[in-house]
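Coordinate analysis (summary)
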Amino acid sequence: MTNYMNLFLEIILGILALAAVAGFLRLARGPSLPDRVVAFDLLATVGVGISAVYSMAHNQPVFLDVAVVLALISFVGTVAFARYIEERLKGGTL
Amino acid sequence: MKNLLISPILIPLITAGLSLVAWKSSRVQRIFGLLGAGALMVAAVVLFMSVYTNGIQVLQVGNWPSPFGITLVADLLSSVMVVLTALVGLAVAVYSIAAVDEQQISFGYFPFFQVLLTGVCGAFLTGDLFNLYVWFEVMLMASFVLMVLGGEPPQVEGGIKYVTLNLLSSITFLVAVGILYAVAHTLNMADLSLKLTKIAQTHPTLILTVAAFFIIGFGIKAGIFPLYFWLPASYHTPPAATSALFAGLLTKVGVYALIRVFTLVFPRMPHSFSLLLTLAGLTMVIGVLGAFAQFEMRRILSFHIISQIGYMIMGLGLLASNNPAARVLGIAAAVFYIAHHIIVKTNLFLISGTVKVLRGTYQLKSLGGLAASSPWLAILFLIPALSLAGIPPLSGFWAKFAMIKAGLQAEQYLVVTAALVAGLLTLMSMIKIWDEAFWKPAPEVLPKEGSPSSGPLTPRRLFLLLGPIILLAGLTVVIGLQPQPLFTVAERAAAQLLDSGEYIQAVLSNSQAAIQEFDAVRGVPL
Amino acid sequence: MKSLILQTASRYLMVLLVIFSVFILLRGHNEPGGGFVGGLLIAGAFALYGLAYTPKTARRLLRLDPRTIIGVGLVTAAGSGLAAVWHGQPFLTGQWLPYRIPFLGKLGTVFFFDLGVYLVVLGTTLLVLLTLEEE
């Protein structure tokens, strides 16, 4: 049972890693600033997922707290970016 | 009363906190600043007396035994430096009451001033290399803020040069610390001193590299020859009180760190001492030559800081000699020179600030006639200026005399010649300032740039501006007339530095038991 | 930016962040956490509030000026070491109350040091963020 569970978790980690790669690609290429911000937010979310899954797979409850903190803080970062973009739109340059 | 050792760090830190709580009232902040500086002075003197009578004092912070925890150590050199820091702190704190305007206070001048003192005292007292790095960073942050406070464009430009070069120095220092920790598994300086003797035999090149990193890292901080250019680029930009504080203290922390590390941690490296001696000679001459091209009071003084740093490093470089008398005299002269220089240089910067208050400019071309209009200031300028140039019977004469005597004993005639030439050129440079600012008649058109700053010159304000200057000038004269007490202290400090046994014994006296206990818990010997 | 969604959400998030930051602060003695991380978290909470409403509202919510908070924090942290001096031990040696306090556990001077760090980090971060936002 635990073996299946572990295999399952490892697969999830792999998928998350792929998502992270995709996020980085968008971050690097993203033609506009909002694209990059969304990619950034995605990376943070993937980070939350990875910490949570890792904490289950390796029985490290500490990483759950990392996930919670990351989830709470990355939100603030995205909001700040959104506000910045809005201000720039008002100024007419993006 | 071992906790006395923490007080020079704690007093300014708590003062900084209290001034922040009182951020609304500049009046309360001024009073706190003065009280804090006064308390620091008292603590420093008590600490010095205690070290002078009872030998090296050690405090294991948090009761963690010595090779594991952070150790604070006060030997004679440290405690003399702390007294000088407190002296500069007190003088500048009084001066700031009159010279720092409301805008700067609202940006946090007083808290950062105290944090800077915390960092400087911490750097002088710590017995741990990584902790030294931390104090350097504390100093760097506080001094950067003080330098750009007010945000005039030249200030920001100078500040960026300052912070970039100093970060480079921090990185070099940190790399050296990292390598040392990797090979020695300890950063306690006394412990390192014991372990490096063995490691130097197995990894001689590695230790030489680390020594070179330390010379570069601390050399930037101290402003020695090829790495000095940040200093004249930045010291003339902040307000006078700030630049006096910097000129008095910051570079000397670098010199102190060099002396500490190269007497305690790497004591047997003749190559690095010869290198330091060469750099010292170049620093003296090039610093003083740089001053010739300048026509701004504080820039001239900044170049002289560099030149004077050369003399201090020369004392350390004389350790290359085999003559034991020359070695002791060299270090003693360096300690004496540091004491003399801190007092005199702070004073000259304070005087330049007073000139700015009176005339609204530092440019020699627009100054003049000060000897006629304010003869008291002219006399007060002459005392430290002549002392800086080494004219008897002022403190600078004895400092230079001891240094040159040590150089002759060590048979390093080239660097002695450089020291004599640099002394002569310093005198010419001081005469230039005297001539232009004080002696020549005032220019017809009074300068428009910068008004005689902030408010009228009430008697109270004048007293606050001149009080510290008179105090420091008086000290120069007293040391000049009675050099023996200070020189005795310097000689004892030098003896203590050259025989690191007492230091190591004081720091590591209880560590054997602690190491055994640690091994017992761990199950494997360290 | 007056988004009703953000404003409503941030009120709930704020509570969560504050509780979590206190949790991290208290846990910091033996496990990951402590004053620095806790202080950053609570500063994040106020920064979010300032973004959703206005920096002015965030300042009003904070009551104290960030500078005062930094000062109190510095004095608390430095003062926590003085308890040891009072007992004749080296500065910063941990002093512990002999009995447990519900919720806090064993209370000692170490906690006050952490609390001081917490306040300094909170004050510094907010001083920077709120000033930048107001410009």
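Whatever comes next refers back to the structure up there.
Quick look at the structure, then.

Definitions and limits used
Residues numbered from 1 in each chain as written. Chains lettered and ligands numbered in written order. Predicted model: local features only at pLDDT ≥ 70, side-chain atom pairs only at ≥ 80, totals over all residues. Helix = DSSP H or I, 4+ residues; strand = E, 2+ residues; numbered from the N terminus. Rg over C-alpha atoms; globule rule 2.2 N^0.38 Å. Buried ≥ 20, exposed ≤ 12 C-beta atoms within 10 Å, placed from the backbone. Contact = placed C-beta atoms within 7 Å. Expected span 1.5 Å × (residues − 1). Nonpolar A, V, L, I, M, F, W, Y, C, P; charged D, E, K, R; others polar. Core = buried A, V, L, I, M, F, W, Y, C linked by C-beta atoms within 7 Å. Axes fitted to C-alpha atoms, helices over the stretch in contact; angles between N-to-C directions. Parallel < 35°, antiparallel > 145°, perpendicular 65-115°, else oblique. Left-handed = near helix turned anticlockwise from the far one by under 90°.

1. So, the overall build of chain B
Within chain B, the secondary structure is distributed over 22 helices and two strands. Expected size for 526 residues packed as a compact globule is a radius of gyration near 24 Å; at 22 Å, chain B falls within 12% of this value. When the 526 residues of chain B are sorted by exposure, 60% land in the buried category. Within chain B, contacts between residues separated by at least 24 positions form 80% of all contacts whose residues are at least 6 apart in sequence.

2. With respect to helix 13 (residues 297-317) of chain B
Between its first and last C-alpha, helix 13 of chain B extends 31 Å over 21 residues, near the 30 Å set by a 1.5 Å rise per residue. For helix 13 of chain B, a buried count of 21 out of 21 residues is recorded, marking the element as mostly surrounded by other parts of the structure.

3. Thoughts on the interface of chain C and chain A
When the parts of a complex come together, some accessible area is lost, and that lost area is often taken as the interface size. Contacts between the two partners involve 13 residues from chain C, matched on the other side by eleven residues from chain A. Split by residue class, the side of chain C that touches chain A holds eleven nonpolar, one polar and one charged.

4. What to know about the environment of B:Ser79
Mapping B:Ser79 onto the fold places it in helix 3 (residues 76-99). Excluding residues that lie within four positions of it along the chain, B:Ser79 makes contacts with B:Leu47, B:Phe48, B:Val51 and B:Ala74.

5. Here we look at the interface of chain B and chain C
Each partner contributes to the interface: chain B provides 17 residues, whereas chain C provides 15 residues. Contributions of two or more residues to the side of chain B that touches chain C are made by helix 1 (7-21) and strand 1 (57-60) of chain B. Per-element tally for the side of chain B that touches chain C: the top contributor is helix 1 of chain B, with eight residues.

6. A short note on the nonpolar core
Residue and element names in this part refer to chain B. The biggest cluster of nonpolar side chains holds 251 residues, and the ones touching the most others in it are Val80, Ile313, Val335 and Phe336. By residue number, the principal contributor to this core is helix 14 (residues 324-359), which donates 20 residues. Setting aside chain neighbours within four positions, we find Ile313 in contact with Ile224, Val255, Leu258, Leu276, Leu279, Ala280 and Thr283.

7. Quick notes on unusual backbone geometry
Residue B:Pro393 is reached from B:Pro392 by a cis peptide bond, and omega for that bond is 0 degrees. Within the element layout of this structure, B:Pro393 appears in the loop between helix 16 (375-389) and helix 17 (395-409). Of note in the backbone geometry, A:Asn59 takes a positive phi value of approximately 55 degrees without being a glycine. Relative to the helices and strands, A:Asn59 is located in the loop between helix 2 (33-57) and helix 3 (62-91).

8. A look at the packing of helix 1 of chain B against helix 2 (residues 26-54) of chain B
All names here are of chain B. Close contact between helix 1 and helix 2 brings their axes to 9 Å; oriented N to C, the two are set at 175 degrees. Taken as axis vectors, helix 1 and helix 2 run roughly antiparallel relative to one another. Between helix 1 and helix 2, the contacting residues are Ser7, Pro8, Ile11, Pro12, Thr15, Leu18 and Ser19 on the first element and Gln29, Phe32, Gly33, Gly36, Ala39, Leu40, Ala43, Ala44 and Leu47 on the second. Class assignment for the residues of the contact of helix 1 with helix 2 results in ten nonpolar, six polar and no charged.

9. Digging into the packing of helix 3 of chain A against helix 1 (residues 4-27) of chain C
As a packed pair, helix 3 of chain A and helix 1 of chain C sit with axes 11 Å apart at the nearest point and diverge in direction by 140 degrees. Classified by the interaxial angle, the pair formed by helix 3 of chain A and helix 1 of chain C is oblique. Where helix 3 of chain A crosses over helix 1 of chain C, the two elements pack in a sense that is left-handed. When helix 3 of chain A is examined against helix 1 of chain C, the residues A:Val68, A:Leu72, A:Phe75 and A:Val79 are found in contact with a partner set consisting of C:Leu6, C:Leu13, C:Leu16, C:Leu17 and C:Phe20.

Take it as geometry only, folks, not as evidence of what the structure does.
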